[in-house]
Amino acid sequence: MQTENELKSLVRERYSAIAEQSATQNASSCCGATSSCCGDEVYSIMADDYTQLKGYVPDADLGLGCGLPTAFAQIKEGDTVIDLGSGAGNDCFVARSIVGEKGKVIGIDFTDKMIEKARANADKLGFNNVEFRQGDIEKMPVAGNTADVVVSNCVLNLVPNKPAVFKEIFRVLKPGAHFSISDIVLEGQLPEKWKAVAELYSGCVSGAIQQSDYLNHIQGVGFSKITIQKEKLITIPEEILKNYLSEEEIIEYKTGKVAIKSITVYAEKPAACCEPGSGCC
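Residues numbered from 1 in each chain as written. Predicted model: local features only at pLDDT ≥ 70, side-chain atom pairs only at ≥ 80, totals over all residues. Heavy atoms only, no water.

Draft legend 1. Molecular detail of the nonpolar core. Counting 29 residues, the largest nonpolar core has L84, I169 and F179 as its most contacted members. Among the elements of the structure, strand 1 (80-84), strand 2 (104-109), strand 4 (147-153), helix 6 (162-172), strand 5 (173-187), helix 8 (211-221) and strand 8 (259-268) are those that each provide at least two residues to this core. Those residues in contact with L84 that sit more than four places away from it in its chain are I108, I137, M140, V150, V151, S152, N153, V155, L156, V165 and I169. Counting residues in hydrophobic clusters, the runner-up holds 21 residues, among them A73, C92, V149 and V151. (Core = buried A, V, L, I, M, F, W, Y, C linked by side-chain atoms within 4.5 Å. Buried < 20%, exposed > 50% of the residue type's maximum accessible area, 1.4 Å probe, protein only. Helix = DSSP H or I, 4+ residues; strand = E, 2+ residues; numbered from the N terminus. Contact = heavy atoms within 4.5 Å.)

As structure tokens, this is what we get:
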């Protein structure tokens, strides 16, 4: 079994390669980094369409998401927004179009090349209230009680210690503030063979956990008003399944009680609450 540091190194290596590719390349490679596993077809199994959102910047869209958290995040003009795993800046620029000149957007990413790409995009657009910081979202380079809203798109499933991230989200949010996060979760135990196939075409599956566990982590930190804002079943096309599974296995996969899902979750930090573990909440 790989250690947390080994997993983080793999993520950094993979997303450094992704930073050099376009959204089309990332969609066609499916696994993120350059790969021939998907043949000549492009399967956008996970990504949602950002193109209709105000503030959308094509150069910042690497096609890596599994939802539209900024569309559900109830961001207001003047807010301070933090985007976890900000990549090339896609969600940051959408959020910036809402917070306006009086607001601020902070993107945090683990990968130096992503930070460079995002900063170059911001400079090109002339945005002076969008900042990108290199850092681990398990230990964010942000002061406590900073954000009105935290967003993230298909990132926490890549993090080994998910409870640590939710504790950090709690810390950086202002009392009464909230998050909206899109992520990949599982329902039921995915057999190893099916999981290997899913991983080829949906690179975030390997780090996904049970939906019930995911929501319990959020509640355990002290968040309230936990709501699933959107839910989407991730379906692997049958023409792909045929390359790896028998007819009987495909039928079992399609009719079973196992599901890979994208969910967008909303939760609030209570308005008069201290840090987790302080005993005052």
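Resuming the write-up.
Draft legend 2. Molecular detail of the pairing of strand 2. For strand 2, the buried fraction is high: five of the six residues fall into the buried class. The β-α-β motif built from strand 1, the intervening helix 4 (residues 90-99) and the parallel element strand 2 has right-handed crossover chirality. Bridge analysis of strand 2 against strand 3 (residues 130-134) gives five bridges, and the strand direction is parallel. Along strand 3, the bridge assignment pairs D109 with Q134. Running through helix 5 (residues 112-125), the crossover from strand 2 to the neighbouring parallel element strand 3 is right-handed. (Right-handed = clockwise from strand over helix to strand, strands pointing away. Pairing = 2+ DSSP bridges.)

Draft legend 3. Inspection of the packing of aromatic side chains at higher detail. Considering all chains together, one arrives at six aromatic pairs under this definition. Ring centres 6.0 Å apart and planes at 75° place the aromatic pair F93 and F132 in the edge-to-face group. Of this pair, F93 sits in helix 4 while F132 sits in strand 3, and the two are 39 residues apart along the sequence. With relative accessibility at 1%, the residue F93 sits in the buried group. Residues F166 and Y214 carry aromatic rings whose centres are separated by 5.4 Å and whose planes lie at 90° to one another, so their mutual orientation is edge-to-face. Of this pair, F166 sits in helix 6 while Y214 is found in helix 8, placing the two residues 48 residues apart along the sequence. Judged by its relative accessible area of 0%, F166 falls in the buried class. Look at Y214 and you get buried, because its relative accessible area is 2%. By the ring-pair criterion, three or more aromatic residues cluster together here, those being F166, F170, F179, Y214 and F223. (Phe/Tyr/Trp six-rings, centres within 6.5 Å; stacked < 30°, edge-to-face > 60°.)

Draft legend 4. Here's a closer look at the pattern of salt bridges. Evaluated as defined, the whole model comprises 12 salt bridges. Salt-bridge contacts for K225 lead to E268; the nearest nitrogen and oxygen are separated by 3.6 Å. Of the two residues, K225 sits in strand 7 (residues 224-233) while E268 sits in strand 8, which places them 43 residues apart along the sequence. Accessibility expressed as a relative area gives 16% for E268, which makes it buried. (Salt bridge = Lys/Arg side-chain N within 4 Å of Asp/Glu carboxyl O.)

Draft legend 5. Highlighting the environment of P270. Locating P270 in the fold gives a position in the segment after strand 8. C-alpha separation for the pair P270 and F170, spaced 100 residues apart in sequence, amounts to 9.5 Å. Not counting residues within four places of it along the chain, the set of residues in contact with P270 comprises F170, P175, G176, G222 and S224.

Draft legend 6. Representation of the pairing of strand 4. Most of strand 4 is tucked away, with seven of its seven residues classed as buried. Where strand 1 lies against strand 4, four bridges are found, and the strand directions are parallel. Its bridge partner being in strand 4, V81 is matched across the sheet by V149. Bridge count between strand 4 and strand 5: six bridges; the pairing is parallel. Residue pairing across strands places V149 opposite H178, the latter belonging to strand 5.

Draft legend 7. Fine view of unusual backbone geometry. Positioned with a positive phi, Q74 is a non-glycine residue whose angle comes to about 55°. Secondary-structure assignment places Q74 in the loop between helix 3 (69-72) and strand 1. Given a relative accessible area of 49%, Q74 falls into the partly exposed group. Positive phi, normally seen in glycine, also occurs at C154, with a value near 60°. Along the polypeptide, C154 turns up in the loop between strand 4 and helix 6.

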